[in-house]
Amino acid sequence: MSRNKAADLFNPGCPLVALGTSSNNDTLGEILKFGIQCGFRVLNISDEHNNSQLIGSSLHSLITGGFVTRQDLFISFKITKLQNIRRLESQINEHLKMRNMNYFDLIIVEHSSFIEKDMLKVWKVLEKLHFSRSVRNIGLSGFTISQMKYILSVAVIKPFAVQALFNPYSVNLELIQFCQNEDLLLFAMSPLDYQKSERKLQSENAVSRTAYNHSVSPVQILLAWAIQSQTLPVVQTLNFDHIKENIMLSDVKLSENEMEDINRLSGVS
């Protein structure tokens, strides 16, 4: 199996797991601080959670306090509310200002945030932001493969990443192959908590049995599976113990048979 693209992007030893920030709970600042102290370096933020000032002030204090440098962090920002294409550039600059940042490492644009005929116009604005260094990379969410092929055919700056639902219950083999062929990093959303009818991922025999054999938790097995599936899983938690659990993965290596056992949960392996 090919090497996970994320392993080549970040500093050696950086955990290949992203920390989500979907909460506006007052404890989010402490969670960010604790997560970074534990080793998280990839942060996934969005415009939809009304927590921009909390994230900005928390990161500013961590950086000025010497806990981490801005260069050590990879911050992905997702746009879900596109106010107006003509204002997109200023909209993103406002988001940067609210978070005390000079640039985003990655902008993820949600397809549902604009109408399809404006796709190229949106991309050209994002490319302009890239050339101004306000945005280092551009990514996609909610796009079909044919839409992504169109972007690839017209883009000066090629997409860097794709964000999509990905866990053992929800495996899109065509998307995985497309991302690998086009060298796109796949951010795996909902890698742990997804529920299928009355079944729960962490209680599946293939997961719990593998966890027992490795003397780790089912959560750690699911994250290891996602990483070995060439994705970057995004975890969400306000629990300090779970933060540590989500990042202690360096010794968890699944065999091909174990990967296949978990793959079968999707019904498409």
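See above for the structure.
Scope of this entry: the structure provided in the associated data block. Predicted model only: the values in this text are computed from it and were never measured.

Cut-offs and rules
- In this convention, every chain numbers its residues from 1, walking through the sequence in written order.
- Selection of residues for local features in this predicted model requires a pLDDT of at least 70, selection of side-chain atom pairs for listing and counting requires 80 or more, and totals for whole chains, interfaces and linings are taken over all residues.
- The basis for every side-chain value is the complete set of non-hydrogen atoms in the structure, without hydrogens or water.
- The way it works is that DSSP assigns letters per residue, a run of H or I at least four long becomes a helix, a run of E at least two long becomes a strand, and they are numbered from the N terminus.
- Both definitions apply: the radius of gyration is a C-alpha atom measure, and the globule rule equals 2.2 Å times residues to the power 0.38.
- Whether a residue is buried, partly exposed or exposed follows from its accessible area with a 1.4 Å probe, protein chains only, as a fraction of its type maximum: under 20%, in between, or over 50%, in that order.
- Working definition of a nonpolar core: buried Ala, Val, Leu, Ile, Met, Phe, Trp, Tyr and Cys residues. They are joined through side-chain atoms within 4.5 Å.
- Only heavy atoms enter the contact rule, under which two residues are in contact if any of them lie within 4.5 Å.
- Salt bridges are counted wherever a side-chain nitrogen of Lys or Arg sits within 4 Å of a carboxyl oxygen of Asp or Glu.
- Strands qualify as paired when DSSP identifies two bridges or more between them.
- For helices, the fitted axis covers only the stretch in contact; all axes are lines through C-alpha atoms, and the angles between them, taken along N-to-C directions, range from 0 to 180 degrees.

A few words now on the overall build of the chain. When its secondary structure is counted, the chain shows 10 helices and 10 strands. Taking 269 residues into account, the globule formula puts the C-alpha radius of gyration at 18 Å, and the chain, at 18 Å, falls close to it. Dimensions along the principal axes, computed over C-alpha positions, put the chain at roughly 55 × 45 × 35 Å. Taking all 269 residues of the chain together, 56% fall into the buried category.

Here the focus is the nonpolar core. Ranked by internal contacts, the top residues of the largest apolar core, which has 90 residues, are Leu-59, Ile-92, Phe-104, Leu-126 and Phe-187. Sorting elements by how many residues they give to this core places helix 8 (residues 218–228) first, with eight residues. Contacts of Ile-92, omitting those with residues within four sequence positions, involve Ile-79, Phe-104, Ile-107, Leu-126, Leu-129 and Val-135.

A separate point is the pattern of salt bridges. Side-chain pairs of opposite charge can arise where the charged atoms are in close proximity. As enumerated under the stated definition, the model contains nine salt bridges in all. When the shortest N-O distance is used, the salt bridge between Arg-209 and Asp-261 registers 3.7 Å. Here the residue Arg-209 occupies a position in helix 7 (residues 205–214), and Asp-261 occupies one in helix 10 (residues 256–263), the gap between them amounting to 52 residues. Salt bridges here are not isolated pairs; linked through shared partners, they connect Lys-117, Asp-118 and Lys-121.

Attention shifts here to the sheet that holds strand 2 (residues 42–46). Strand order around the closed barrel formed by eight strands is 1-2-3-4-5-6-7-10, with parallel pairing between neighbours. Strand after strand, the sheet turns through a mean of 25° between neighbouring axes, direction not considered. Bridge analysis of strand 2 against strand 3 (residues 74–79) gives five bridges, and the strand direction is parallel. The partner of Val-42 across the bridge, within strand 3, is Phe-74.

Note that all results are geometric; they support no functional claim without further evidence.
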